[in-house]
Amino acid sequence: MCISHTDRRGFLRTAAASGIAVAGVQALAAAPARAQARAADSADSGDSGGSGDRIALVNVRVFDGNQLTAPRTVVIDNGRIGVSALGARRIDGGGAVLLPGLIDAHLHLQSLDTLHQLAGSGVTTALDMACFPPSLVASLRNRPGLTDIRSAGTPGVAPGSPQSGLPGFPANAVLTGPDQAAGFVRARIAEGSDYIKVIIDEPGLSPATLKAVTVAAHSSGRLVMAHATTGATAERALDAGVDIIQHVPLDTPLTPAVAARCAVTGTVTTPTLTMMEGFAGLGIPGLDYAAAEGSVAALHRAGARVLAGTDANHTPGIPVQPPFGTSLHHELELLVRAGLSSREALRAATVLPARSFGLQDRGSILPGYRADLLLIDGDPIADITATRAIRRVWVGGAEYSPAG
């Protein structure tokens, strides 16, 4: 799809800047022949390793969520972090740094190949922020040796929004008023959505509808994600009581008062600076990356929780498409430039998204947790770009060959 200079600005305000909501009808072939062949080749060659293999990673410095430990041993036992190295195959890390597998807290799944790209970059958990149809999401779940996923499924949108006109977009996700909120939430849960996503940017859901969706989702034990890329819609998300605001404004920085509200209410933000940087670079009047960076700085000063997410997507018609996997390393660098310390940026891609999404078996290197691990050269606390120097990756205890 070709987007004119005039149309781009309106497109951003309604859907773009998020790689929004759908994998696209072209993605109905959830596992194209190329990806299927690659998966088969990996299985035949043993590329993904064996999750039942007991391995002792010796002489590794572990990021424990706050600092790097002295060299120690970490055991992989049947896909989990074990406690005994007795009888384990030893791998000498030579003093390299062992990180928990990285978590991308905002992307849009596309195909099985997506999972390969993520795993190769050490992104072992992917939190999808809108993808349909449900069969596509289901086909990407529980793939041994590949990145583990969670998904919002189909987002709730307003009539007249770009998403509502997509071929095959579910009619029950186009919400005209608050009376449809409970049915929308029930339908998404029935389809397997792990959390609920709504679009606020204009034309977006009304405050009453947004609040009704939030109440219905919380009553059903689901978190609510809100797409908001302006200062006004970010405040609307706070008013509705959503759990996580996806993106930060590109029109004006969040004020100290709004940032303080996020901190006080516990509202989490996933800024997706990689996507904001891309859209600000299109030359659209009124879009300024400094607003996004300033918003992150304000949130950080206020003590609000910030997560690392990229908005990686291959969505047709979206003019900015961050690559899967490698873009998360760029996101960490942008978060540091915006004011987070390297330690805080690492937490934003490990322990904090795990806590925010209730993933109690990952994000840290602890006995019993998933053996999602990333062995790197260099000290990422001294230099966040060290996360790119990947030696080895394990996904649920299965080794995956790093990209590049």
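Residues numbered from 1 in each chain as written. Predicted model: local features only at pLDDT ≥ 70, side-chain atom pairs only at ≥ 80, totals over all residues. Heavy atoms only, no water.

### Concerning the overall build of the chain
In terms of helices and strands, the chain carries 13 helices and 15 strands. Out of the 404 residues belonging to the chain, those deemed buried represent 58%. Put simply, of all contacts in the chain between residues at least 6 apart along the chain, 70% involve residues at least 24 apart. By element, 52% of the accessible surface of the chain is carried by carbon and sulfur atoms, the whole surface being about 14,300 Å². (Helix = DSSP H or I, 4+ residues; strand = E, 2+ residues; numbered from the N terminus. Buried < 20%, exposed > 50% of the residue type's maximum accessible area, 1.4 Å probe, protein only. Contact = heavy atoms within 4.5 Å. Areas by Shrake-Rupley, 256 points an atom, 1.4 Å probe, with all protein chains shown as cover.)

### Some points on the nonpolar core
Formed by 88 residues in total, the largest nonpolar core has its most connected members in L115, V213, V242, L273, L299 and L335. When residues no more than four places from it in sequence are discounted, the contact partners of L273 are V248, Y289, A292, E293, V296, G309, E331, L334, L335 and A338. (Core = buried A, V, L, I, M, F, W, Y, C linked by side-chain atoms within 4.5 Å.)

### Describing the packing of helix α9 (residues 273-280) against helix α11 (residues 326-337)
Working note: a packed helix pair is described by the angle between its axes plus the distance between those axes. It is at 8 Å that the axes of α9 and α11 come closest, and there the two elements cross at 85 degrees. In terms of orientation, α9 lies roughly perpendicular with respect to α11. Residue-level inspection shows L273, T274 and E277 of α9 in contact with α11, the latter providing S327, H330, E331, L334 and L335. Here the residues of the contact of α9 with α11 sort into three nonpolar, three polar and two charged. (Axes fitted to C-alpha atoms, helices over the stretch in contact; angles between N-to-C directions. Parallel < 35°, antiparallel > 145°, perpendicular 65-115°, else oblique. Nonpolar A, V, L, I, M, F, W, Y, C, P; charged D, E, K, R; others polar.)

### Section: the confidence of the model for the chain
Do not read the fine detail of predicted coordinates wherever pLDDT is low. With 87% of its residues at a pLDDT of 70 or more, the chain shows a mean pLDDT of 89. Of all helices and strands in the chain, the one with the weakest mean pLDDT is helix α2 (residues 33-45) (35), whereas strand β6 (residues 102-107) scores best (99). (pLDDT = per-residue confidence, 0-100.)

### Overview of the packing of aromatic side chains
Across all of its chains, the model carries two aromatic pairs by this definition. When the centroid spacing of 5.6 Å and the interplanar angle of 85 degrees are considered together, the rings of F132 and F169 count as edge-to-face. Of this pair, F132 sits in the loop between β7 (123-128) and α4 (134-139) while F169 sits in the loop between β8 (148-151) and α5 (181-191), and the two are 37 residues apart along the sequence. Both residues of the pair, F132 and F169, count as buried. Relative to F357, the ring of Y195 has its centre 5.2 Å away and its plane inclined at 65 degrees; by these criteria the two rings are edge-to-face. (Phe/Tyr/Trp six-rings, centres within 6.5 Å; stacked < 30°, edge-to-face > 60°.)

### So, the pairing of strand β14 (residues 390-395)
Both strand β13 (residues 373-376) and β14 contribute to a ladder of four bridges, which runs antiparallel. When the bridges of β14 are listed, L373 appears paired with W394. Pairing of β14 with strand β15 (residues 398-400), which is carried by three bridges, proceeds in the antiparallel orientation. Counted as the bridge partner of V393 is Y400 from β15. Linking β14 to β15, which pair antiparallel, is a turn of two residues; within it G396 sits at a positive phi near 55 degrees. (Pairing = 2+ DSSP bridges.)

### Let's talk about the sheet that holds strand β9 (residues 196-199)
One open sheet holds the four strands; their spatial order is β9-β10-β11-β12, and the pairing between them is parallel. The open sheet has two edge strands, β9 and β12 (268-270), and neither has a second partner. Each neighbouring strand pair of the sheet contributes to a mean axis angle of 25 degrees, computed without reference to strand direction. Of the pairings in the sheet, the one linking β9 to strand β10 (residues 224-227) comprises four bridges and is parallel in character. Across the sheet, the residue bridging to K197 is M225, located in β10.

### What to know about helix α7 (residues 231-240)
Residues G231, T233, A234, A237, L238 and A240 constitute the buried set of α7. Check the buried side of α7 and you find it contacts α6 (207-219), β10, β11 (244-246) and α8 (256-265). A positive backbone phi angle near 80 degrees is found at G241, which sits one or two residues after α7.

### A closer look at the sheet that holds β7
Read from one edge of the open sheet, three strands run β6-β7-β8, paired in parallel fashion. Of all strands in the sheet, those with a lone pairing partner are β6 and β8, marking the two edges. Recorded for the sheet is a direction-independent mean angle of 20 degrees between the axes of neighbouring strands. Pairing geometry for β6 and β7, over four bridges, is parallel. Paired with L102 across the strands is V123, a residue of β7.

### A word on the side chain of T270
Within the element layout of this structure, T270 appears in strand β12. Here T270 falls in the buried class, since its relative accessible area comes to 0%. The residues contacting T270, other than those within four sequence positions of it, are A105, H106, I244, I245, Q246, H247, L307, A308 and G309.

### Notes on the environment of E191
As for its position among the elements, E191 is in helix α5. For E191, a relative accessible area of 32% gives the class partly exposed. Through-space distance from the C-alpha of E191 to that of A152 is 9.9 Å; in sequence the pair is 39 residues apart. The residues touching E191, leaving out its near neighbours within four places in the chain, are P134 and T154.

### Things to note about the pattern of salt bridges
Counting across every chain of the model gives 14 salt bridges. Here D148 ties to R362 by a salt bridge, and the two come within 2.7 Å at their closest N and O atoms. Of this pair, D148 sits in strand β8 while R362 sits in the loop between α13 (351-356) and β13, and the two are 214 residues apart along the sequence. The exposure class assigned to R362 is buried, which follows from its relative accessible area of 5%. With a shortest N-O distance of 3.1 Å, E202 and R236 are connected by a salt bridge. Of this pair, E202 sits in the loop between β9 and α6 while R236 sits in helix α7; the two residues are 34 residues apart in sequence, bridging distant segments of the chain. Through salt bridges that share partners, R80, D148, R150, D361 and R362 make up one connected network. (Salt bridge = Lys/Arg side-chain N within 4 Å of Asp/Glu carboxyl O.)

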